[in-house]
Structures are given as structure tokens and as C-alpha cells.
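Letter by letter, the chains look like this.
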Amino acid sequence: MTKDVEVAEHHGGGSEYTAKDYHDPPPAPFFDADELTKWSFYRALIAEFVATLLFLYVTVLTVIGYKSQTDPKLDLDQCGGVGILGIAWAFGGMIFILVYCTAGISGGHINPAVTFGLFLARKVSLIRALGYMIAQCLGAICGVGLVKAFQSSYYNRYGGGANELADGYNKGTGLGAEIIGTFVLVYTVFSATDPKRSARDSHVPVLAPLPIGFAVFMVHLATIPITGTGINPARSFGAAVIYNNDKAWDDQWIFWVGPFIGAFAAAVYHQFVLRAAAIKALGSFRSNA
């Protein structure tokens, strides 16, 4: 692979081509059947499954615990429990922990929307992307299933942690919240894992899970009152499967269409605007001609 070059302008009107201090990794093949023969692929699937299971188990328990501590029917203190701030911290904190733990094994996606965005950017192959999404959805179902198994009465009474459009908001508002929220998350993922930044700032790979988790935290603060915050189709799907409520299923499309549109927009913005992939490809073509 050839080095990318930058053009440096000089006062004399001339220009000089300088080699960049980093290499972009080669794009992943669109379809790589050889992955099915490698243990590293199945190890990554297991890591995504377990990480998503743990993510849903802890976060849904937090949501249900908060609702049980502030139930107005039981005349409980409405300021008790962890509050929306605590729920947002639970989601963001778990993503920080799990991305840190699994980044070296599977990349730490834990979210079909993130996987979709990275697939569009040619960071993972189609086979790996589909495998990750299936593992993430199965992990989410199992994680919420554990919550229901351990606390079935609380689970059914307090909504099962399922994502639903809140009263007073139309579906367009909910869809927009999911699109923008997922854009923030996937854009942060691209920025935190950018090889250009990693090469120039040696601390960035270690700290990458922190901005990703913090992005999840901030988006939850903004969108919990609207949709309960999806931005992760596996999270919404797993809760809907176990809770199995008509309202949750009626709104389910919002938590798939919105995140996938947001991930698509983030991938295009980062790859073709910030990283100028189309211009680089044109420049490489001209230099080889």
C-alpha cells in the first residue's frame, strides 16, 4: 500500500509532497468465506455475545430498579433511586467497560448499528458483520432473559426495560432522536479509533473506550424522555422479545431504522468528508496514471 501524501503550500507558490506519519489499514474484503474456518472469528462472536448479554443484564436491571424505587402507586419518594442520570451512567459505564474488555478480541462493537457503520467503512467483512449482529441480538435476548428469570415480578410490573415511544411524542420525533443519537455514537467510534489519531497520540488506543462510553451517556441524557434511548437495535430487540408487549413491537421499527440511518450518515461523514476518502482515491488514481 502506498503512503498518503499531503500538499504543503509555500510562500513562493510551489508545493511539496510530504509523507504522512500513519498508514490506513487495508479495507476488509466485502465477502471473506475464509473467516468461517478461523477460530478467531468464532472467538469474536462469543465475545460479542457475552458482552451484549452483560450489557443488557446490568442496564435493564438498573432501569427496573429505578422504577421500583420510585413507583407512585407505592407512595415512594419520587426523588429516590438512581434517577435518569444514574440510568445514563449505567449504560455509558457498561459500554466503557465492555469495549475496553473486548476491543482486542472483536473490536468491541456490542451494537448492530456500530457494526453496520464499520461495515460500510470497509472495516469488517459482510460475514463478520452479519455474525456480529446475530451474536449481539442473541446476547441481548439472553441478558434480558436473565433479568426476567431472577426478578420476574418486578420485570413484568415495570415494563421490562423495553424501548417504547413516550406519550406526547410522534413517531417522527422518536425516529429523529434515534438517528441523531446513533450518529453521535458511531461518529465517536470512528473518531476514537481513527488510525491517524492513534498514530500521533499514543494514548488514544487506551482511552478509546472512554469517549465511546461518554457518548452513550450523553445521548441517554437527551433521549431517555423520548424513546427510552435505543441507539442499539440489539438492546431494543432483546427487551422486546422477552417483554413481548404490543406497544414495544409496534415501535420496534424506530429502533432499527433510526440507528441504521444514523450509522450510515456517520460513516459517510467520517469517511468521505473528514477523511476525504473519495478525494484520496482520485488523487491516487491520477498519480498512478
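Residues numbered from 1 in each chain as written. Predicted model: local features only at pLDDT ≥ 70, side-chain atom pairs only at ≥ 80, totals over all residues. Heavy atoms only, no water.

Undergrad: Any chance you could explain helix H6 (residues 171-192) here in plain terms?
TA: For an α-helix the count is 3.6 residues per turn, leaving residues at separations of three or four pointing the same way. The terminal C-alpha atoms of H6, which comprises 22 residues, lie 31 Å apart, in line with the 32 Å expected from a rise of 1.5 Å per residue. Its side-chain oxygen at 3.1 Å from the backbone nitrogen of glycine 172, asparagine 170 defines the N-terminal cap of H6. (Helix = DSSP H or I, 4+ residues; strand = E, 2+ residues; numbered from the N terminus. Expected span 1.5 Å × (residues − 1). Polar contact = N/O pair within 3.5 Å; in protein donor to acceptor, adjacent residues only side chain to side chain.)

Undergrad: Hey, could you run me through the pattern of salt bridges in this one?
TA: Side chains that differ in charge, positive against negative, can pair when their charged atoms come close. Scanning the model with the defined rule gives three salt bridges in all. With a shortest N-O distance of 2.8 Å, lysine 171 and aspartate 251 are connected by a salt bridge. Linking lysine 171 in helix H6 with aspartate 251 in the loop between helix H11 (246-250) and helix H12 (254-274), this pair joins segments that are 80 residues apart in sequence. Take lysine 171: its relative accessible area is 36%, and that puts it in the partly exposed class. The buried category is assigned to aspartate 251, whose relative accessible area is 1%. (Salt bridge = Lys/Arg side-chain N within 4 Å of Asp/Glu carboxyl O. Buried < 20%, exposed > 50% of the residue type's maximum accessible area, 1.4 Å probe, protein only.)

Undergrad: Any chance you could explain a nonpolar patch on the surface here in plain terms?
TA: There is a patch of nonpolar side chains on the surface, built from Leu120, Phe264, Val268, Tyr269, Phe272, Val273 and Leu274 and spanning about 610 Å² of accessible area. Structurally, phenylalanine 272 is set in helix H12. (Patch = residues over 30% accessible without salt bridge, like charges linked within 9 Å, V, L, I, M, F, W, Y side chains within 5 Å. Areas by Shrake-Rupley, 256 points an atom, 1.4 Å probe, with all protein chains shown as cover.)

Undergrad: Sorry if this is basic, but what is going on with the environment of asparagine 245 here?
TA: Relative to the assigned elements, asparagine 245 resides in the loop between helix H10 (233-243) and H11. Expressed as a C-alpha distance, the spacing of asparagine 245 and alanine 162, which sit 83 residues apart in the sequence, is 8.6 Å. Discounting residues that sit within four places of it in the chain, asparagine 245 has contacts with Glu164 and Ala240. (Contact = heavy atoms within 4.5 Å.)

Undergrad: Would you take a moment to explain the packing of H10 against H12 for this structure?
TA: Working note: a packed helix pair is described by the angle between its axes plus the distance between those axes. Between H10 and H12, whose axes approach to 9 Å, the crossing angle comes to 175°. On the basis of their axis angle, the class for H10 and H12 is roughly antiparallel. Taken together, the residues of H12 that come into contact with H10 (itself represented by Pro233, Ser236 and Phe237) are Phe255, Trp256, Pro259 and Phe260. In terms of residue class, the contact of H10 with H12 is made up of six nonpolar, one polar and no charged. (Axes fitted to C-alpha atoms, helices over the stretch in contact; angles between N-to-C directions. Parallel < 35°, antiparallel > 145°, perpendicular 65-115°, else oblique. Nonpolar A, V, L, I, M, F, W, Y, C, P; charged D, E, K, R; others polar.)

Remember, this is a structural readout, not a statement about activity or role.
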